[in-house]
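A look at the structure
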Amino acid sequence: MMDNSSTLHLALPAVHTAASATAPPSLAQPRAFSTSVNPLVFFSILDHYLRRNAGQDRVIGTLLGVRSEDGSEVEIKGCYPVPHLETEDQVEVDMEYHRTMFELHKQVNPKEVIVGWYATGAALNSYSALIHDFYQKEVSSFPAVHLTMDTALTNERLGVKTYISAPVGITSKADNCMFIPIPCDVKYFKAERAGLELLANAKSTESGSTTLLSDMDNLEQSVIEVQKMLERVSEYVDSVLAGTVPANNTVGRYLMDTVSVVPKVDAAEFEKMFNSHLQDLLMVIYLANMTRTQLAVAKRLEKLM
């Protein structure tokens with residue numbers, strides 16, 4: 001029910017076992033339904049969890065994104081937190097805050113719609129079905145997506161999972177549902193890959209921090225990665241030719257298409273072109289640093305005058 005403060009109060013039902021369970025493998029959702037998540041969504045959820053109130057076990061929020069025409073593919077592009085309070089008897093969700101945030105978000109990204117909700121924690125608790133029923137009404141005829149993130153880092157992983165619900169039983173009640181796991185992939189742009197790789201490198205350091213790489217370091221790292229990939233492909237081809245690994249026609253056609261687009265350049269000519277490009281790059285970096293220094297000197301002289 002809803003009171004004058006536009007807060008959704010959901011009481012805990014007496015028997016609530018089906019809502020907290022996930023579907024067995026035989027009832028798993030077909031692969032036709034899938035989700036993809038932008039990495040920024042994970043950072044927003046973690047930031048919300050770190051800023052939670054004292055004594056609060058988990059936080060929830062609204063997921064925003066786009067759907068395919070048939071609704072089978074969901075791309076989660078953003079999210080925002082929603083205040084809520086859980087007790088032993090009921091859970092309260094601030095509906096007014098949720099709808100106000102969505103109206104503000106539509107002014108910036110009118111194409112993004114509500115696709116579901118998120119919650120921290122690896123397991124589904126007793127209120128998950130009740131909150132999911134509220135978001136199911138928000139997404140109209142399409143299935144709402146529920147995303148969970150294990151902030152306890154079990155097995156040193158975030159443990160991100162996505163679900164949709166399916167009704168269970170004869171009576172249509174909010175708590176009579178079962179959560180069915182669906183495939184979930186991380187989708188990011190090329191510009192975001194550099195930041196993700198930087199965060200991955202910070203994990204391997206003792207201090208847990210890292211700095212931006214210079215252009216030369218990025219070039220060196222790219223060359224090393226390309227060299228590793230070429231070595232891995234060469235080992236696979238040698239294994240196929242030796243008969244230790246069975247041939248795969250799909251991989252063979254892909255390698256043939258990849259090799260065919262590479263221009264045939266003489267090794268000496270390639271080295272000359274590479275060194276020339278490298279010198280141009282170093283000259284641009286030198287001129288940029290010189291310009292930055294001159295501007296800094298001019299700014300200080302202007303203050304003295």
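These lines cover the structure that appears in this document, whether it is placed above or below. For clarity, every value in this text was computed on a predicted model and none was experimentally measured.

Re the sheet that holds strand β2 (residues 34-37)
The strand order β10-β9-β8-β7-β3-β4-β2-β11 describes an open sheet built from eight strands, whose pairing is mixed. Of all the strands in the sheet, just β10 (177-182) and β11 (184-186) have a single pairing partner and so form its edges. Between one strand and the next, the sheet's axes are offset by a mean angle of 35°, whatever the strand orientation. By the bridge criterion, eight bridges tie strand β3 (residues 60-67) to strand β4 (residues 73-82) in an arrangement that is antiparallel. Looking at β4, one finds that arginine 67 is bridged to valine 74. The sheet strands contacting helix α1 (residues 39-50) are β2, β3, β4, β7 (113-120), β8 (145-149) and β11, and the helix crosses β4 at an angle near 20°. Relative to the sheet, helix α3 (residues 128-138) contacts β3, β4, β7, β8, β9 (161-167) and β10, its axis offset from that of β7 by approximately 165°.

Examining a nonpolar patch on the surface
Residues Val265, Phe270, Met273 and Phe274 make up a contiguous nonpolar surface patch of about 370 Å² in total accessible area. Relative to the assigned elements, valine 265 resides in the loop between α6 (249-260) and α7 (267-304).

Let's talk about empty space enclosed by the protein
For the coordinates displayed, the defined rule picks out one cavity of 30 Å³ or more. Computed from the structure, the largest cavity encloses a volume of approximately 40 Å³. Sorting the residues of the lining of the largest cavity by element identifies β2 and β4 as the ones contributing at least two each. Residues that form the lining of the largest cavity fall into these classes: three nonpolar, two polar and two charged.

Quick notes on the packing of aromatic side chains
Enumeration over the complete set of coordinates arrives at four aromatic pairs. Measuring from ring centre to ring centre gives 6.4 Å for phenylalanine 270 and phenylalanine 274, while their planes differ by 25°; the resulting arrangement is stacked. Residue phenylalanine 270 and its partner phenylalanine 274 are located together in helix α7, separated by four residues, close to a single helical turn. Taking relative accessible area as the criterion, phenylalanine 274 reaches 33% and is therefore assigned partly exposed. Aromatic rings pair up to connect Trp117, Phe134 and Tyr135 into one cluster. Here the guanidinium or amino end of arginine 52 rests over the ring plane of tyrosine 49, the centre of that ring lying 3.9 Å away.

Rules behind the numbers
- Going along each chain's sequence as written, the residues are numbered from 1 onward.
- Where totals are concerned, whole chains, interfaces and linings use all residues; where local detail is concerned, this predicted model gives features only for residues with pLDDT of at least 70, and gives and counts side-chain atom pairs only at 80 or more.
- The side-chain numbers reported here are obtained from all heavy atoms of the structure, hydrogens and water having been left aside.
- The pairing criterion is simple: DSSP has to find at least two bridges between the two strands.
- Runs of H or I in DSSP of at least four residues are treated as helices and runs of E of at least two as strands, each being numbered from the N terminus.
- Only the stretch in contact is used when fitting a helix axis, every axis being a line fitted to C-alpha atoms; angles between N-to-C directions are given from 0 to 180 degrees.
- Here, two residues are considered to be in contact whenever any of their heavy atoms come within 4.5 Å of each other.
- Nonpolar side chains (Val, Leu, Ile, Met, Phe, Trp, Tyr) within 5 Å and like charges within 9 Å form the patches, drawn only from residues with over 30% relative accessible area and no salt bridge.
- Note on areas: Shrake-Rupley with a 1.4 Å probe; residue coverage comes only from the protein chains shown.
- Here, a salt bridge means any side-chain nitrogen of Lys or Arg that lies within 4 Å of a carboxyl oxygen of Asp or Glu.
- Of the grid points, spaced at 1 Å and generated over the protein atoms alone, those admitting a 1.4 Å probe that cannot get out make up cavities, while open sets with protein on both sides within 12 Å along at least five of seven lines make up pockets; any residue with an atom within 4 Å of a point is treated as lining.
- Grid points are joined across faces, edges and corners, and a volume is the space filled by probe spheres set on the points.
- Basically, the charged four are Asp, Glu, Lys and Arg, the nonpolar ten are Ala, Val, Leu, Ile, Met, Phe, Trp, Tyr, Cys and Pro, and anything else, Gly included, counts as polar.
- Within 6.5 Å between ring centres, the rings of Phe, Tyr and Trp (the latter by its six-membered ring) count as paired, and their orientation is classed by plane angle as stacked under 30 degrees, edge-to-face over 60, tilted in between.
- Exposure is judged per residue with a 1.4 Å probe applied to protein chains only, and the accessible area is read against the type maximum: over 50% gives exposed, under 20% gives buried, and values in between give partly exposed.
- Two limits define a charge over a ring: the Lys NZ or Arg CZ must be within 6 Å of the ring centre, and within 35 degrees of the ring normal.

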